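Next come the chains, spelled out residue by residue.
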Amino acid sequence: MNQNFVSPDQIRAWFSRAMSDMYKSEVPLYDTLLDLVAQVNAKTLAEQPELAAQLARTGEIERLDIERHGAIRVGTAEELSNMRRVFAVMGMQPVGYYDLSPAGVPVHSTAFRATHEQALQASPFRVFTSLLRLELIDDAALREKAARILAARRIFTPRALELAARFEAEGGLDEACAREFVAEALHTFRWHGEATVSLQDYQELHGQHRLIADVVAFKGPHINHLTPRTLDIDEAQAEMPRRGVAAKAVIEGPPPRKCPMLLRQTSFKALEEAVSFIGADGRAAPGSHTARFGEIEQRGVALTRKGRALYDHLLDLARSRNPGATNESNAAAYMQNLQDCFAAFPDDYSELHAQGLAYFRYYLTGKTGAPASADAQALIEQGYIRYEPLVYEDFLPVSAAGIFQSNLGDKGQAEYAQNASQAAFEQALGAPVLDELALYQDTQDRSLAACLQALGVQAG
Ligand code: OOG
Ligand code: NI
């Protein structure tokens, strides 16, 4: 690589920082959330020295304060494929496919993120990116109107696309270009108080689905939340109302565990923001829109296919016992039921490891000598290597649906048939999405291979 190129990891770190600063100025409550999370994390680390030691061993402690994910929604295939090019400059690839249509949200999604453990360590910034599915709207006239409005907008500055093309052609950007790129790319995610449509068009789009209005009526895909990572989401959830933040009724995802798994998330309701619409006489017409919200998450160990199947089964079971929406009145019962169902899931790292339910990273213990075999289990038992949980870097479709719904309001939600179409999504994206399980497996394999090499034993 050219000596003068800035690494994509560095560009991503700059961008993540710039996005956080921008969102702080746009949504002051986000700053409150950051404060709350920092305080909960400091307390948790002080109270749980074993957790602090584990996060120090894996290096997660160093990325914790800069760790966050954002979410955006785009309207067309062209917007999505250009988004892929822009994120590629920051070393972010599309990982995973999420179909939200069964939950009544007319989108499908991927997560742009770094894929290698070293890159994740440098900056774990990720963006959940959804593509509106106009084909799920049954009103043909409205569908056409929405498509026409979307076709007319340009969500990237010409310079951002120019720099992305330069990155593709030359394989990198020097520092001046990289910094300019960050500033240019940031414009795409800004909030715009002026809608591109009339109040009447907005209401028509909104009547079909609030999400459709959110995507179609504005100049670009404003970042709709930015989520910091907490080490104790139950504590964060309890703290939110004390700081005047109205949290959603239940935490999405698995119940509290000794060995946290996957992802637990909570959010607070979207803010109502003033918007000026295009008036009949060409002058601004005042109105409002609610889209942007706050979210906090806790991350735990990534599950293997087998572990994930058990997770999905137990979550289904818990949800089938509490059908319908969870709200304040049934939240406690749901959480108890969730705990009961998940009693069937081992809550001990050595069990999760032995049963192949989760991914781990292997580390040398420092014991020297000549091990007799290259069998990982034998090397663990003989004290040459040990393992630590590999953190989950992705999202959960059921949780995402819960987050979407709590923020879109649950009145008059549409019903869409199960409608997964990964092929159509990849066609729009202009590339296949990566398989997240293969990425976790690669990291686990690399860590074991490095240990074996250091110990001077051949992999079997
Ligand atoms: C995305 C909702 C999903 C998450 O953390 O699961 C999400 C959106 O509302 O656009 O961010
Ligand atoms: Ni989120």
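Above this text you will find the structure in question.
Residues numbered from 1 in each chain as written. Chains lettered and ligands numbered in written order. Predicted model: local features only at pLDDT ≥ 70, side-chain atom pairs only at ≥ 80, totals over all residues. Heavy atoms only, no water.

Enquirer: What is the right way to read the overall build of the protein from this model?
Expert: Helix and strand content of the protein: 19 helices and 14 strands. Computed over the C-alpha atoms, the radius of gyration of the protein is 23 Å, within 12% of the 23 Å expected from 2.2 N^0.38 for a compact globule of 460 residues. Each of the three principal axes of the protein carries a C-alpha extent, and together these read 85 × 60 × 40 Å. Within the protein, the fraction of its 460 residues that count as buried is 55%. When contacts within the protein are restricted to residue pairs at least 6 apart in sequence, long-range pairs at least 24 apart make up 75% of them. (Helix = DSSP H or I, 4+ residues; strand = E, 2+ residues; numbered from the N terminus. Rg over C-alpha atoms; globule rule 2.2 N^0.38 Å. Buried < 20%, exposed > 50% of the residue type's maximum accessible area, 1.4 Å probe, protein only. Contact = heavy atoms within 4.5 Å.)

Enquirer: Would you take a moment to explain helix H18 (residues 422-429) for this structure?
Expert: Residues lying three or four places apart along an α-helix face the same way, a consequence of the helix completing one turn every 3.6 residues. Listed in full, the buried residues belonging to H18 are Phe425, Glu426, Ala428 and Leu429. The buried residues of H18 occupy an angular sector of 160° when the element is viewed end-on, so they sit on one face. Opposite its buried face, H18 presents the exposed residues Ala423 and Gln427, each directed more than 90 degrees away. Directly beyond the C-terminal end of H18, a positive phi value near 80° is found at Gly430. (Arc of directions from axis to C-beta.)

Enquirer: How should I be thinking about the sheet that holds strand S5 (residues 126-132) in this particular structure?
Expert: Hydrogen bonds along the backbone pair up the strands of a sheet, which may run parallel or antiparallel. Spatially, S3-S4-S5-S2-S8 is the arrangement adopted by the 5 strands of the open sheet, whose pairing is mixed. A single partner strand is all that each edge strand has here, and the edge strands are strand S3 (93-99) and strand S8 (225-228). Pairwise comparison of adjacent strand axes, ignoring direction, gives a mean angle of 20° for this sheet. Sheet topology places strand S2 (residues 68-74) next to S5; 6 bridges connect them, and they run parallel. Bridged to Ile72 within S5 is Thr129. (Pairing = 2+ DSSP bridges. Axes fitted to C-alpha atoms, helices over the stretch in contact; angles between N-to-C directions.)

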